[in-house]
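Here is how the chains run, residue by residue.
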Amino acid sequence: MFRYVLKKLLLLLPTLFGITVCAFMFVRLLPGDPILAMAGEHGVTPERYEVLKEQFGYNLPIWQQYLKYIVSIAHGDFGISIATKRPVISEFTTLFPATLELSFAAMLFAVIVGVPVGILAAVKRGQWLDHTVMGVALVGYSMPIFWWGLLLIILFSGQLGWTPVSGRIDLQFFLRPITGFLLIDTLLMGKWDAFLSAARHLILPSIVLGTIPLAIIARQTRSAVLEVLEEDYVRTARAKGLTRLRVVWVHALRNALIPVVTTIGLQASTLMAGAILTETIFSWPGIGKWMVDSIFKRDYVTVQSGLLLVSVIVMVFNVLIDFVYAALNPRIRAT
Amino acid sequence: MTAAAQPETHLQKPPTRFGEFWNYYSESRGAVAGLIVFVLLVLMAICAPLLAPHLPDQQYRDAFLTPPIWAADGKSDFILGTDAVGRDILSRLIYGARFSLLMGAMVVVFAMAGGVVLGLLAGYFGGWVDSLIMRIMDIILAFPSLLLALVLVAILGPGLVNAMLAIALVYQPHFARLTRSAVLTEKNRDYVTAAKVIGAGHLRLMLATILPNCFGPLIVQATMSFSNAILDAAALGFLGLGAQPPTPEWGTMLASAREFILRAPWVVTIPGLAILVTVLAINLMGDGLRDALDPRLRKS
């Protein structure tokens, strides 16, 4: 196991290097002069231009610029946002919990619905229930989630008035963040009405963001359970006279869920891509909306660092999932 | 006499490769339905000028936000209603099929062409060529797809063609990985050794001997990428970074309809439904193709 972990971590290094190069190159690949691009329509005076050039280090050779970049991010300096004049890293740490909370809620929804439904479809294989579940899963998988979000807003916020249209919490609540997770913070402070408000705001975005993972998890669970049900030990268990329910829940599921756990873990990237759209639709103050807004504001320092931070987090998460998988399944470690 | 004998000999002939494939493919009703819908969509896109009742950009200033025909105050002129500047939604939808399908198809062509070449080189030559190519692919895959596409569009500038190129670049590693692994399994088979002994050169071995035997998984991946590309292109359009208004691209239509969602739900509902139906049809085809092309799945 130790060798496996070490090998995986070593393989990570070239990717990490590549990500920093991509993020570094991003500002330099922008059409035209990066300083003029950042200055926007107002432009800069020639004197100010020289000062900025000096400040960003654009007068140095490219490899020195890269080294300087690496040294500064190693010190936790991700630059100052052009739009807000605040350090990018502090904006990131304020907004990231919002995305994390949304992603957790979405995955919770996807797993709680997806796994049982997948098991049910496998057990009822070939029957109408199976066909219905798989049909709905395919629709979910094909869903343009930005449209799905708008539909849910029309129905639940517009027609029924059950859920708020946008945001994370009603404006009347002003909370000093403790963990950054509103559901936890409000509970820690014992503010029930704020907790309920946050929960109501969370429902629709989590459903929207969880839809595609839900479909993937349901499909994956079904095929994993079907595969396990064909195994000899399942037949043995049945032959011993155990009930169908016991065979599925106790014997089959334990092995079937290994690939499902991996599938769940691999959704990090999907969630991040989905968060961009979900957060935009619901004005959710998270990383996805922040990135889109920064692109439109031409805040390229933020885009550059956001790209780097998000990708590194997704990458680290994926490696952790690999380790969990290896711990669960000894056959992987051998290869 | 000959006419009577012909059907008999026809029956004894082994099924053609396509015939065999079609037998497996048509077993799934969903796959056939997907194919029919897809063909209809393609026909609709090609014949758009014949089918559309109005021009996609024509504004009817006396008919802003007209509801669809089944609503109480709908007009028979505008079957699916009009948008905020009085354009016929049905006509825009019909013309929009051209953009969505074309973007999807071009993304697949670009991504597949690039990915197959890189995957072939990596798998065939191995060694440092393999390491270099696959590490670069790993880097591209490390970024969440839509985020990378978004940033690439920010570099290239918003627009239909740039969105297409960005998505193609993001999808390419999937094809490269698939091709590489297929090449690795095929490369040491006897028929490849035989071709090598006869004296086939690198190029011939790669393109004529090995590549045709890797197509099965690639076709399935191409179908899946096609539907994902349509989704991502629409998402970029929705975010304002893909096709620009007044292009009747479905995602762009949705974006400009956003502010009216509570007042005029149909301007939002209808373009999204078009995206969903198209993507669903292609995914149904993809599932059918996978089952038909993968011999291991045939028995089940």
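Rules used in this analysis
- Residues numbered from 1 in each chain as written.
- Chains lettered and ligands numbered in written order.
- Predicted model: local features only at pLDDT ≥ 70, side-chain atom pairs only at ≥ 80, totals over all residues.
- Heavy atoms only, no water.
- Contact = heavy atoms within 4.5 Å.
- Buried area = accessible area lost by both parts, 1.4 Å probe.
- Salt bridge = Lys/Arg side-chain N within 4 Å of Asp/Glu carboxyl O.
- Polar contact = N/O pair within 3.5 Å; in protein donor to acceptor, adjacent residues only side chain to side chain.
- pLDDT = per-residue confidence, 0-100.
- Helix = DSSP H or I, 4+ residues; strand = E, 2+ residues; numbered from the N terminus.
- Axes fitted to C-alpha atoms, helices over the stretch in contact; angles between N-to-C directions.
- Parallel < 35°, antiparallel > 145°, perpendicular 65-115°, else oblique.
- Left-handed = near helix turned anticlockwise from the far one by under 90°.
- Buried < 20%, exposed > 50% of the residue type's maximum accessible area, 1.4 Å probe, protein only.
- Nonpolar A, V, L, I, M, F, W, Y, C, P; charged D, E, K, R; others polar.

What exactly am I supposed to notice about the interface of chain B and chain A here?
Note: interface size is frequently given as the accessible area lost on complex formation between the parts. Across the contact, 39 residues belong to chain B and 41 residues belong to chain A. Interface of chain B and chain A: buried area, both sides summed, is about 3,700 Å²; carbon and sulfur atoms make up 82% of it. The largest share of the area that chain B buries against chain A comes from F143(B), L147(B) and I155(B), three residues that together contribute 15% of it. Where chain B meets chain A, there are one salt bridge. Where R219(A) meets D287(B), a salt bridge forms, and the shortest distance between an N and an O atom there is 3.2 Å. The tally of links from chain B across to chain A stands at five residue pairs in polar contact (both at pLDDT 80 or more).

Honestly, the confidence of the model for chain A in this entry has me stumped. Any pointers?
Low-pLDDT stretches of the model should not have their predicted coordinates read in fine detail. A residue-level look at chain A finds 96% of positions with pLDDT of 70 or above and a mean pLDDT of 86. When mean pLDDT is taken per element in chain A, helix α5 (residues 88-123) of chain A scores highest with 93 and helix α15 (residues 330-334) of chain A scores lowest with 67.

Would you take a moment to explain the packing of α5(A) against helix α14 (residues 300-328) of chain A for this structure?
Residue and element names in this part refer to chain A. Closest axis-to-axis distance for the α5/α14 pair is 10 Å, and the angle between their directions is 50°. Taken together, the axes of α5 and α14 are oblique relative to one another. In this structure, α5 crosses over α14, and the sense of that crossing is right-handed. Residues V88, I89, F92 and F96 of α5 form the contact with α14, whose own contacting residues are V301, T302, S305, L309, V310 and I313.

Honestly, the environment of L41(B) in this entry has me stumped. Any pointers?
All names here are of chain B. The topology assignment puts L41 in helix α3 (residues 29-46). Separated by 236 residues in the primary sequence, L41 and V277 have C-alpha atoms spaced 9.6 Å apart. Contacts of L41, omitting those with residues within four sequence positions, involve L101 and T278.

For this particular structure, what's the right way to read the side chain of T20(A)?
Residue and element names in this part refer to chain A. Tracing the backbone through its elements, the reader meets T20 in helix α1 (residues 2-29). For T20, a relative accessible area of 9% puts it in the buried group. Separated by 2.7 Å, the side chains of T20 and Y66 make a polar contact. Beyond its immediate sequence surroundings of up to four residues, T20 is in contact with Y66, Y69, I70, I73 and L308.

What should I look at first to understand the packing of helix α7 (residues 145-159) of chain A against helix α12 (residues 267-282) of chain A in this one?
In helix packing, the relevant descriptors are the interaxial angle and the interaxial distance, both defined with respect to the helix axes. Residue and element names in this part refer to chain A. Direction vectors running N to C along α7 and α12 enclose 30°, while the axes themselves pass 9 Å from each other. If you check the angle between α7 and α12, you find them roughly parallel. The chirality of how α7 crosses α12 is right-handed. Only G274, L277, T278, I281 and F282 of α12 make contact with α7, whose side of the interface consists of I145, F146, G149, L150 and I153. Per-class residue counts for the contact of α7 with α12 are seven nonpolar, three polar and no charged.

Please explain the environment of R48(A) as it appears in this structure.
Residue and element names in this part refer to chain A. Looking at the secondary structure, you find R48 in helix α3 (residues 46-56). The partly exposed category is assigned to R48, whose relative accessible area is 44%. Separated by 27 residues in sequence, R48 and V21 have C-alpha atoms that sit 28 Å apart.

Looking at this structure, I do not really get the pattern of salt bridges. What am I missing?
Should their charged atoms come close, side chains of opposite charge can pair. All names here are of chain A. In the structure shown here, the tally under the stated rule is 16 salt bridges over all chains. With a closest N to O distance of 3.2 Å, D322 and K8 form a salt bridge. Placement of D322 in helix α14 and of K8 in helix α1 is noted, with a sequence separation of 314 residues between them. The partner of E101 in a salt bridge is R168, and the shortest N-O contact between them spans 2.5 Å. Of this pair, E101 sits in helix α5 while R168 sits in the loop between α7 and α8 (182-189); the two residues are 67 residues apart in sequence, bridging distant segments of the chain. For the residue pair E101 and R168, the accessibility class agrees, reading buried in each case.

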